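Coordinates in review
Residues per chain are reported as follows:
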Amino acid sequence: MINGFDDVQKLGQSNVDSAMKAWGEWSRNWQSLASEMGDYSKRSLEDGAATFQKLMSAKSLDQAFEIQSSYARRAYEQYMQEMNKIGSMYAGIAKDAMKPVERIMQHGHSGQIGAQR
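About the thresholds
- Residues numbered from 1 in each chain as written.
- Predicted model: local features only at pLDDT ≥ 70, side-chain atom pairs only at ≥ 80, totals over all residues.
- Heavy atoms only, no water.
- Helix = DSSP H or I, 4+ residues; strand = E, 2+ residues; numbered from the N terminus.
- Contact = heavy atoms within 4.5 Å.
- Salt bridge = Lys/Arg side-chain N within 4 Å of Asp/Glu carboxyl O.
- Buried < 20%, exposed > 50% of the residue type's maximum accessible area, 1.4 Å probe, protein only.
- Polar contact = N/O pair within 3.5 Å; in protein donor to acceptor, adjacent residues only side chain to side chain.
- Patch = residues over 30% accessible without salt bridge, like charges linked within 9 Å, V, L, I, M, F, W, Y side chains within 5 Å.
- Areas by Shrake-Rupley, 256 points an atom, 1.4 Å probe, with all protein chains shown as cover.
- Phe/Tyr/Trp six-rings, centres within 6.5 Å; stacked < 30°, edge-to-face > 60°.
- pLDDT = per-residue confidence, 0-100.

Looking only at helices and strands, the protein features 2 helices and 0 strands. In the protein, once contacts between residues fewer than 6 apart in sequence are set aside, the share between residues at least 24 apart is 62%.

What follows is the structure, encoded as structure tokens:
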């Protein structure tokens, strides 16, 4: 149970500190996600431009078809890898976002149990 004004201040400061820490983690996670998506976009554009250059220098229709097929296969595989990575990052963000709520629930729940005894 909370005893006195000092306990209320400590509890309030603890909640503010927890909220600021959670906000910092959340912000870093979103920055990492945005950076990863930007890097993927850059790599994808560079690969597309390089493939276009190869297509322009193809000596035959068969060679052009092979260049295009190779690019399509590579682009699909890279896309799937990136989506898996981004999906994992989103899952991590969701998990991190729930940590403060879980802490509050644990503290609130343990306080109720202590009050019942």
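As a further point, take the pattern of salt bridges. Counting across every chain of the model gives 4 salt bridges. The residue Arg43 makes a salt bridge to Glu82 at a minimum N-O spacing of 3.2 Å. Here Arg43, found in helix 1 (residues 4-56), pairs with Glu82, found in helix 2 (residues 61-116); they are 39 residues apart in sequence, far enough to count as distant. Classification of Arg43 by relative accessible area gives partly exposed; the value is 41%. Three or more residues are tied together by salt bridges with common partners; here these are Glu36, Arg43, Glu82 and Lys85.

For Glu82, a relative accessible area of 5% translates into the label buried. In this structure the side chain of Glu82 is engaged in a polar contact, spanning 3.2 Å, whose partner is the side chain of Arg43. Excluding residues within four positions of it along the chain, Glu82 makes contact with Glu36, Tyr40 and Arg43.

On the surface, a cluster of nonpolar side chains totalling about 530 Å² of accessible area is made up of Trp23, Trp26, Trp30, Met37 and Tyr90. Sort the elements by how many residues they give to the nonpolar patch and helix 1 lands first, with 4 residues.

For the structure on display, the rule yields 1 aromatic pair. For the pair Trp30 and Tyr90, a centre-to-centre distance of 5.7 Å together with 75° between the ring planes defines the contact as edge-to-face. On the criterion of sequence distance, the pair formed by Trp30 in helix 1 and Tyr90 in helix 2 is long-range, its members being 60 residues apart. Taking relative accessible area as the criterion, Trp30 reaches 32% and is therefore assigned partly exposed.

Time to look at the side chain of Asp47. With respect to the secondary-structure elements, Asp47 resides in helix 1. Given a relative accessible area of 17%, Asp47 falls into the buried group. The residues contacting Asp47, other than those within four sequence positions of it, are Tyr71, Arg74 and Gln78.

The predicted coordinates ought not to be read in detail in places where the model reports low pLDDT. With 77% of its residues at a pLDDT of at least 70, the protein reaches an overall mean of 82. Note that residues 111-117 has pLDDT below 50 and, in this model, 0 contacts with residues that lie over four places away or in other chains.

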